[in-house]
Amino acid sequence: MMRCAVTVCLVPEARGGPFVLHDGLEASLRRAAEAGFDGVEIFPGHADDLNGRELRTVLQANGLRMAAMGTGAGWLRRKLSLTDPDPHVRMCARDFIGAIIDFAGGFGVPAILGSMQGRVPDGVEREQALAWLKEALDQLGPRAHALEVPLLYEPLNRYETNLFNTVEDALAFLPTLRTRNVRLLLDLFHMNIEEADMPAAIRRAGPMIGHVHFADTNRRAVGMGHLDVGPVARALEDVGYDGWISAEVRPLPDADAAMKATMESFRRHFPPNRIAPANSGR
Ligand code: LER
Ligand code: MN
C-alpha cells in the first residue's frame, strides 16, 4: 500500500524550508489528519527535543502513523555534516543522526540522510570525502538495522551537494558499502533538476526505493507546478513501490492549499487498489 504523508517541522529557523506544517505537534497533527493524510514526516531540532510518549499519544489521537524523520536540523542549526574535514564535526554529525535513527526506529520508521551528507569540501579529494561518507553509512546502516528499519540516503540537486546528484550515481555507490541497509529517498524536486528521464530513473532504482518526497518542479505541492506526474506515478506503481509518498513542499499559498493539492494529486494519480483507504483513524 502506498500511503500519503505530510511534513511537520518543529524547528522555527526552518520556516522558509520545504515543510508544510509548523504549528507544533498537536495542532500540526490535527491539521494533517483533517486534511486526510495517513501519516507525518517529522523534522525535529534534535532527538532529545522529542518526547516519545507524547508523540505516540498525539499520533494515536489523530489516527496517524509516522512516515520517517529528517536529520537536516544538524546541518541547519550546527553546520554538522558527515563529510566535514574536521573529525570532531563528523563525529558530532554521526551522533546527531544516530540519535534520530534510534528515536525513529522506536516508531518503526527510518531516519533520512539529506543535507547532513555534506559535500566534497574545498581542498579535499573526492575519494577522501566519499571514504568519510562510507565510514559513516557503514556505522549508521547497521545501527538502523538493529531496529529493523532501513537508513534513507537522499541524492540532492547540484546546488545542495556535489556527492551524488542522480539516482544512477547513488545506485552505483550503495554496493560499495559494507552495509546493505541503505535505501534511496527519491525527491521529485531534486530529480526534476538532475534526471534526464524521471520515470526511467525510478524504474532503475526499483527495490532500492525506500521513500519518496512528493513535490512539484517549483517545490510546491504536486499539481502546483509543471511536473508530468502521471508517468512518475506509473513508474512507482510498476516497480511495486509500497511505501510513503511524502509531501516535502513549501506551504504555498498556504498549508491548507498545499495539503489539499497533495491529497488530490495522490488520489488522482495512484490507483485506488494500491493506496491506503482514506484516513479513518480519527
Ligand atoms: C531534504 O529532504 C531535502 O530534500 C533537502 O533539499 C533539504 O535541504
Ligand atoms: Mn527531500
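Higher on the page you've got the structure.
Here the residue numbers are simple positions, counted from 1 along each chain's written sequence. Chain labels run from A onward and ligand labels from 1 onward, assigned in the order the entries are written. Only residues with pLDDT of at least 70 are given local features in this predicted model, and only at 80 or more are side-chain atom pairs given and counted; all residues enter the totals for whole chains, interfaces and linings. Processing note: side-chain calculations cover all non-hydrogen atoms of the structure and skip hydrogens and water entirely.

**What to know about the overall build of the protein**
For step 1, the next point in the chain: By the criteria applied, helices consist of DSSP H or I runs no shorter than four residues and strands consist of E runs no shorter than two, each listed in order from the N terminus. Within the protein, the secondary structure is distributed over ten helices and eight strands.
For step 2, the next point in the chain: For 282 residues, the compact-globule estimate of 2.2 N^0.38 gives 19 Å, and the C-alpha radius of gyration of the protein, at 18 Å, lies within 12% of that figure.
For step 3, the next point in the chain: Pairs of residues are marked as contacts when any of their non-hydrogen atoms sit within 4.5 Å. In the protein, the proportion of contacts linking residues at least 24 apart, taken out of those at least 6 apart, comes to 78%.
For step 4, the next point in the chain: Surface summary for the protein: the accessible area is close to 11800 Å², and the carbon and sulfur share equals 48%.
For step 5, the next point in the chain: Positive and negative side-chain charges of the protein, numbering 31 and 36 respectively, have mean locations separated by a distance of 3 Å. C-alpha atoms define the radius of gyration in this analysis, and the globule rule sets the expected value at 2.2 Å times the number of residues to the power 0.38. Surface accessibility in these figures is a Shrake-Rupley result with a 1.4 Å probe; residues are shielded only by whichever protein chains are displayed. Counting rule for charge: Lys and Arg are taken as positive, Asp and Glu as negative, and neither His nor the chain ends is counted. Charged side chains are reduced to one point each, which is NZ for Lys, CZ for Arg, CG for Asp and CD for Glu.

**Details of helix α4 (residues 87-106)**
For step 1, the next point in the chain: Multiplying 1.5 Å by the residue count of a helix minus one yields the expected span of that helix. An ideal rise of 1.5 Å per residue puts 28 Å on 20 residues; α4 measures up with 29 Å between its terminal C-alpha atoms.
For step 2, the next point in the chain: The N-capping residue of α4, defined by a side-chain oxygen 2.8 Å from the backbone nitrogen of His88, is Asp86.
For step 3, the next point in the chain: Of the residues one or two after α4, Gly108 is the one with positive phi, at around 75 degrees. Definition of a polar contact: a pair of N or O atoms within 3.5 Å, with one able to donate and the other able to accept a hydrogen when the atoms are protein atoms, and with sequence-neighbouring residues admitted only if both atoms are side-chain atoms.

**Here we look at the site of ligand 1**
For step 1, the next point in the chain: Distances are taken per atom, and a residue is near a molecule or strand as soon as one of its heavy atoms is within 4 Å of it. Residues in close proximity to ligand 1 include Glu154, Leu156, Glu160, Asp187, His190, His213, Arg219 and Glu248, which together make up its full environment.
For step 2, the next point in the chain: In this structure, His213 approaches ligand 1 through a side-chain N or O atom, which is 3.4 Å from an oxygen atom.
For step 3, the next point in the chain: Contact with the protein chains removes 82% of the 260 Å² of surface that ligand 1 exposes when unbound.
For step 4, the next point in the chain: Considering only residue class, the shell around ligand 1 consists of one nonpolar, two polar and five charged. Residue polarity follows a fixed list, in which Ala, Val, Leu, Ile, Met, Phe, Trp, Tyr, Cys and Pro are nonpolar, Asp, Glu, Lys and Arg are charged, and the others, Gly among them, are polar.

**As for the coordination of the manganese ion (ligand 2)**
For step 1, the next point in the chain: Keep in mind that water is not among the atoms, so a site may look incomplete; donors are the N, O and S atoms within 2.8 Å of the metal, or 3.2 Å for Na, K and Ca. Taken together, Glu154 (OE), Asp187 (OD), His213 (ND1) and Glu248 (OE) make up the protein donors of the manganese ion (ligand 2), found 2.1 to 2.3 Å from the metal.
For step 2, the next point in the chain: In this structure, the manganese ion (ligand 2) is surrounded by six donor atoms whose angles at the metal cover 70 to 174 degrees, and the resulting shape is octahedral.
For step 3, the next point in the chain: Donor residues binding the manganese ion (ligand 2) come from one chain and are separated in sequence as E-x32-D-x25-H-x34-E. One end of the pair, Glu154, is in the loop between β5 (151-153) and α6 (167-173); the other, His213, is in strand β7 (residues 209-213), and 59 residues separate them in sequence. Residue Glu154 shares its accessibility class with His213, and that shared class is buried. Only four donors with every angle between 85 and 135 degrees are called tetrahedral; only four or six donors with opposite donors over 155 degrees apart and all others between 65 and 115 are called square planar or octahedral, in that order; all others are irregular. Residue burial is assigned from relative accessible area. The probe radius is 1.4 Å, only protein chains are included, and a residue is buried under 20% of its type maximum, exposed over 50%, and partly exposed in between.

**What about empty space enclosed by the protein?**
For step 1, the next point in the chain: A pocket here means an open set of points on a 1 Å grid, computed over the protein atoms alone, that has protein on both sides within 12 Å along at least five of seven lines. A cavity is instead a set of points where a 1.4 Å probe fits but cannot get out; residues with an atom within 4 Å of a point line either one. Grid points are joined across faces, edges and corners, and a volume is the space filled by probe spheres set on the points. The full count for this structure, using the stated rule, is one cavity of 30 Å³ or more.
For step 2, the next point in the chain: Each pocket or cavity is described by its volume, and for the largest cavity that value is around 30 Å³.
For step 3, the next point in the chain: The wall of the largest cavity is formed by Pro155, Asn165, Thr166, Val167, Leu185, Leu186, Asp187, His190, Met191 and Glu195.
For step 4, the next point in the chain: Those elements that place two or more of their residues in the lining of the largest cavity are β6 (182-187) and α7 (188-194).
For step 5, the next point in the chain: Classifying every residue of the lining of the largest cavity gives five nonpolar, three polar and two charged.

**Thoughts on the pattern of salt bridges**
For step 1, the next point in the chain: A pairing counts as a salt bridge when a side-chain nitrogen of Lys or Arg comes within 4 Å of a carboxyl oxygen of Asp or Glu. Counting across every chain of the model gives eleven salt bridges.
For step 2, the next point in the chain: Between Asp23 and Arg31 there is a salt bridge; the shortest N-O distance is 2.7 Å.
For step 3, the next point in the chain: The exposure class assigned to Asp23 is partly exposed, which follows from its relative accessible area of 35%.
For step 4, the next point in the chain: Arg219 is paired through a salt bridge with Asp187; the nearest N and O atoms lie 3.4 Å apart. Residue Arg219 is found in the loop between β7 and α9 (229-238), and its partner Asp187 is found in strand β6; the two are separated by 32 residues along the sequence.
For step 5, the next point in the chain: Exposure remark for Asp187: the relative accessible area of 1% places this residue in the buried category.
For step 6, the next point in the chain: Salt bridges linked by common partners bring Glu160, Asp187, Arg219 and Glu248 together as one network.

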